[in-house]
Amino acid sequence: MEELSFSEVIAKSKEKGIKLSGPECKIRILSNIMCFQLNDFLEFTLREQGINAKVTSGNYDNILQDSVERIEMSVVVVFWELSNLVDGFHYKAGLMDKELRGELVEKTKKGISVVLKNLVEVQQVFFNSFSSLVFDCHRLDKSPLTEIAVELNKHLNECASSNTVIVDINKLFAMVSISKSVDFRYYNLSKSLYKLEYYREYAKFIAPRILSVWGLTKKVLIFDCDNTLWKGIIGEDGMEGIDMSSGSATGVVFAEVQHLALELKSMGVILGLCSKNNEKDIDRVFSHADMKLRESDIAIKRINWHNKAANMVDIATELNLDLSSIVFVDDSDFEINLVRKELPQVMSIQVPKQLSEYPHVLRRLFPVFAANSRSVEDVNRSSMYHDEQCRKEFKETFNDIEQYLRSLKLKLKIIEDDLSLIPRLAQLSQKTNQFNLTTKRFTEHEMERLVKGFSEKLFCFNFSDNFGDYGITGLCIIANRGETVLKYAINTFLMSCRVIGRNVEFVFMDYIIKHLLNSGAKQLDAEYMATTRNSQVEDFYEKLGFIQVNSGTKHKIYELELHNYKWSGIDYIEVENGR
Amino acid sequence: MEDKVFAIVSKVMSYPMSNINIDSSPDTIEEWDSVKHINLMMALEEEFDVQFSPDEISDMLNVKLILLTLKEHKSS
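The structure presented is a predicted model; accordingly, all values stated were derived computationally and were not measured.

(A) The sheet that holds strand S10 (residues 347-350) of chain A, seen in detail. Residues and elements named next belong to chain A. Spatial ordering of the open sheet is given by S8-S7-S6-S9-S10, a layout of 5 strands whose pairing is parallel. Every interior strand has two partners, whereas the edge strands, strand S8 (298-303) and S10, have only one. Averaged over all adjacent pairs, the angle separating strand axes in this sheet is 20 degrees, with direction ignored. In the packing of helix H15 (residues 308-319) onto the sheet, the strands contacted are strand S6 (220-223), strand S7 (270-275), S8 and strand S9 (326-330), and the crossing angle to S8 comes to about 145 degrees.

Here you go:
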């Protein structure tokens, strides 16, 4: 979209301000530089989204005093510029007496704490990070200014409470470029450091958060299909003619877009389709080998020949959401302009003509949806909810891990008593430290004796997943206790760190126990010998139902009645008998 | 150029276009304070794609001077 000029922004903003009713969103900008142009850009950006924003400024270089009694404000923005900590700081800092500089930094840190404390009741605070980039981005070493910025930012991060977002202005410099961000003509004349372009982007940068505080976050992402989720037209080109393959230069753009859509879905965004097509054709595409989106990912569909504005209204009604929570993506000028004209509340995004830019356009949308996950983050910060959050996260992580593991197509090939593997098995016993219950080291010669003898049985495994083969990565040596065939003991149980975290050990043990039961065994003894490296397995045997029969913690001795063994119940690791 | 400058002054100062003439200045337009003056200078630079010198920025305190300065920049 064409950007409006500054004077147009001022005029349009005023025009919109008159029409808007509803609660006023009071925003105050506190600063130690002049930044009045931000008022207009911020008002405009928010009023355009339907927020009745009123932006005012504090007094020049009066942040501390202005931060008192700002409770009636909905939003406070703090521009605390490094260059003006004291007049001319950006050029004086390098020569400044170290002690004096230290004092100034300490004073500023105290000031930051006080300001944040004063603003703690404000709904949303934006506090700019301290940056020296404008003055020293060309320097390979750390300038004094950088060191000060780092120290102040560290303090800022420590003091910020949950109502405060630290605005990383280095990101803005990266987006706008430094030369388009600052203008020293105006700085030297009137302490106006930043240029119009910077404020334009700054307003866009923080607006999504204000919208979410105001309850106006985007929740639904509706895609057209042809040339929006894949290259080509399914109704004309057929299944073979459409392209969304990560292996083709054009298709990969759509593969990436589908991945991003799924990422948004994982953040809580509702995905939908709205396409002029035959429903059967679209249904068929879900079985296309390169189609990343599953039918189950799509919460709402309007595949018909109706006008798309009508479909959007229909979608909003069915989801019981406001039209302003919808983002609509389409490649067609016609459809985009129609929806923009009929339903300006809907955010309509056109697939860019330069296709390679398309994923980037979608990435830029993340902030307008991100508020959905932000509430979780806020809850996380509040200690009151912390414990509950921990439990929930643990469960979520667990579910995710299992789902993840399931997707990996894990395969365990178990091999018994194989002479040809002796060098590798000896090496494993020598090198494995973390997942190793007894840390007994064997030479090849000793290992060979074990394999050839009758009183020990060796199990090892080869592990692979759909990313590749990890080779022989686990070993278990079971010894017959001699006195009776019913009683066995684990001499060694170890696993390479390369395969830790996939629950292989449990499935491996299941296999061994099954083998022992089949040979008529009743009891299995085991021991854990602590080293400096193997604490992660100190309660491994407890988890499996073994009972500790001594009282040590460094050397634990266990017994297991085999019928008490706790089976893993894991069904996502395929087990194959290698011999 | 004149109309365009009038329009920009009008928008930046939120002042009716019909009341603006070449003699308009901080003396005739109450809203034209030091902050609005910087806004006006930035808006003019943006619209006409020019860069004024600090002295010019300080001196352009009526529409006539603005037009003169812009013409100088555009002809050079």
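We are not done yet, so read on.
(B) Main features of the pairing of strand S16 (residues 523-529) of chain A. Residue and element names in this part refer to chain A. By the bridge criterion, 3 bridges tie strand S15 (residues 487-495) to S16 in an arrangement that is parallel. Within S16, the position partnered with Lys-487 by the bridge is Gln-523. Examined bridge by bridge, S16 and strand S18 (residues 555-561) share 7 bridges and lie antiparallel to one another. Bridging from a neighbouring strand, Glu-527 pairs with Ile-557 of S18.

(C) Focus on the interface of chain B and chain A. The interface of chain B with chain A comprises 14 residues on the first partner and 16 residues on the second. Looking at the side of chain B that touches chain A, the elements that each hand over two or more residues are helix H1 (2-13), helix H2 (34-48) and helix H3 (54-59) of chain B. Looking at the side of chain B that touches chain A, the element that brings in the most residues is H2 of chain B, giving 7 residues. Looking at side-chain class alone, the side of chain B that touches chain A contains 8 nonpolar, 3 polar and 3 charged residues.

(D) Geometry of the sheet that holds strand S5 (residues 164-167) of chain A. Residues and elements named next belong to chain A. With parallel pairing, the 5 strands of this open sheet are ordered in space as S2-S1-S3-S4-S5. The open sheet has two edge strands with one neighbour each: strand S2 (52-57) and S5. Averaged over all neighbouring strand pairs, the angle between strand axes comes to 20 degrees, with direction disregarded. Two strands pair when backbone bridges link them, and strand S4 (residues 124-128) and S5 are joined in this way by 4 bridges, in the parallel orientation. Bridge pairing links Asn-128 to Val-167 in S5. Running at roughly 170 degrees to S2, helix H2 (residues 37-48) makes contact with strand S1 (24-31) and S2 of the sheet.

(E) Geometry of the nonpolar core. Residues and elements named next belong to chain A. Ranked by internal contacts, the top residues of the largest apolar core, which has 82 residues, are Val-76 and Val-78. The leading source of residues in this core is helix H11 (residues 196-213), at 9 residues. Of all hydrophobic cores here, the second largest spans 43 residues; its members include Cys-476, Ile-490, Val-504 and Leu-524.

The rules behind these values
- Throughout this document, residue positions are counted from 1 along each chain, in the order its sequence is written.
- Both sets of labels track the order of writing: A upward for chains, 1 upward for ligands.
- Where totals are concerned, whole chains, interfaces and linings use all residues; where local detail is concerned, this predicted model gives features only for residues with pLDDT of at least 70, and gives and counts side-chain atom pairs only at 80 or more.
- Two strands qualify as a pair provided that DSSP identifies no fewer than 2 bridges between them.
- The way it works is that DSSP assigns letters per residue, a run of H or I at least four long becomes a helix, a run of E at least two long becomes a strand, and they are numbered from the N terminus.
- To obtain an axis, a line is fitted to C-alpha atoms, over the contacting stretch when the element is a helix, and the angle between two such axes runs from 0 to 180 degrees between their N-to-C directions.
- Each residue gets a C-beta atom placed from its backbone, and two residues are in contact if those atoms lie within 7 Å.
- For this classification, the nonpolar set comprises Ala, Val, Leu, Ile, Met, Phe, Trp, Tyr, Cys and Pro, the charged set comprises Asp, Glu, Lys and Arg, and every other residue, Gly included, is treated as polar.
- To form a nonpolar core, buried Ala, Val, Leu, Ile, Met, Phe, Trp, Tyr and Cys residues must be joined through C-beta atoms within 7 Å.
- Exposed residues have 12 or fewer other C-beta atoms within 10 Å of their own C-beta, buried residues have 20 or more, and partly exposed residues fall in between, where C-beta atoms are placed from the backbone.

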